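What the coordinates show
Here are the chains, one letter per residue:
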Amino acid sequence: NTLRLESLHQQFLFNFSELKNTNENIQNKIKDLENYYQLYVLGSPAYIFSHLLQKTLPKDAQVTEFLLDKDGFQLNVQAYTIETINKFIDDVLEWPIIKSETITVKNIIKQSKSPQFGLTQVNSKPEKEMFIFEISGKNNIIGLENKISFYKDSYNYGLIDKIQRYINLSNITKNKMI
């Protein structure tokens, strides 16, 4: 009897050790999944921000400086008309990745472009006014479905695939943990 119980005890210890190793492996994979989320899914707002900027920047406007980080953005933009500036500001206010209540526009400067040196007044175009302004604001975190929508719009199927992998892995770990 003792020998039989001894072999059952040894089998129990082996099974317990295997279960412990399996649980440690699962916890390590969950940590890897969290790191994957931070790197690939959450990621930087730069791609979507740049996509929206390209899509909505009027043809007669130009970005001269661009600063973007995980918290917010700052753009210096120049345009030839106030209407162009207003249209661009209205478009930025509609971007879902920006908290519209944080948008500030400042330093609107009106400059005149004088004719280039050496040109005669007959050949030169009339002076054009240029407006230079700064717009800034805070980023808004958007959900995965919205990100996928932007990535589809920009034909970025690689990022869509990474997000879908994360969702699938996340669902598997949720189902295994129950």
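The preceding data block contains the structure.
Everything numeric here is computed off the predicted structure, so don't read it as measured data.

**Description of the overall build of the protein chain**
When helices and strands are counted, the protein chain shows five helices and four strands. In the protein chain, the succession of helices and strands from N to C terminus is α-α-β-β-α-β-β-α-α. In the protein chain, which comprises 178 residues, the proportion classed as buried is 29%. In the protein chain, the proportion of contacts linking residues at least 24 apart, taken out of those at least 6 apart, comes to 63%. Summed over its atoms, the accessible surface of the protein chain is roughly 12900 Å², and 54% of this surface lies on carbon and sulfur atoms.

**Some details on the environment of F73**
Within the secondary structure, F73 sits in strand β2 (residues 72-79). Taking relative accessible area as the criterion, F73 reaches 4% and is therefore assigned buried. Along the sequence, F73 and N139 sit 66 residues apart, while their C-alpha atoms lie 7.3 Å from each other. Those residues within four positions of F73 in sequence are excluded, and the remaining contacts are F49, L67, L68, V92, I98, I103, I135, S136, G137 and N139.

**Points about the nonpolar core**
By size, the foremost hydrophobic cluster in this structure holds 28 residues, and its most contacted members are F49, F73, L75, F88, W95, I97 and I135. Listed by contribution, the elements that provide at least two residues to this core are α2 (46-56), β1 (61-68), β2, α3 (82-94), β4 (128-138), α4 (144-153) and α5 (157-177). Beyond its immediate sequence surroundings of up to four residues, I135 is in contact with F73, Q74, L75, F88, I89, V92, I103, T104 and V105.

**Things to note about α3**
Taking 1.5 Å as the rise per residue, α3 with 13 residues should run 18 Å; its terminal C-alpha atoms sit 19 Å apart, in good agreement. For α3, the complete set of buried residues consists of T84, I85, F88, I89, D91 and V92. When α3 is viewed along its axis, its buried side chains cluster within an angular range of 160° and face the same direction. Residues of α3 that are exposed and point more than 90 degrees away from the buried face comprise E83 and E94.

**Points about the pattern of salt bridges**
Across all of its chains, the model carries six salt bridges by this definition. For D71, the salt bridge goes to K70, with nearest N and O atoms at 3.6 Å. Residue D71 is classed as partly exposed on the basis of its relative accessible area, which comes to 45%. Between E129 and K110 there is a salt bridge, with the nearest N and O atoms lying 3.3 Å from each other. Residue E129 is located in strand β4, and its partner K110 is located in strand β3 (residues 104-113); the two are separated by 19 residues in the primary sequence. Here E129 falls in the partly exposed class, since its relative accessible area comes to 36%.

What counts and how
Residues numbered from 1 in each chain as written. Predicted model: local features only at pLDDT ≥ 70, side-chain atom pairs only at ≥ 80, totals over all residues. Heavy atoms only, no water. Helix = DSSP H or I, 4+ residues; strand = E, 2+ residues; numbered from the N terminus. Buried < 20%, exposed > 50% of the residue type's maximum accessible area, 1.4 Å probe, protein only. Contact = heavy atoms within 4.5 Å. Areas by Shrake-Rupley, 256 points an atom, 1.4 Å probe, with all protein chains shown as cover. Core = buried A, V, L, I, M, F, W, Y, C linked by side-chain atoms within 4.5 Å. Expected span 1.5 Å × (residues − 1). Arc of directions from axis to C-beta. Salt bridge = Lys/Arg side-chain N within 4 Å of Asp/Glu carboxyl O.

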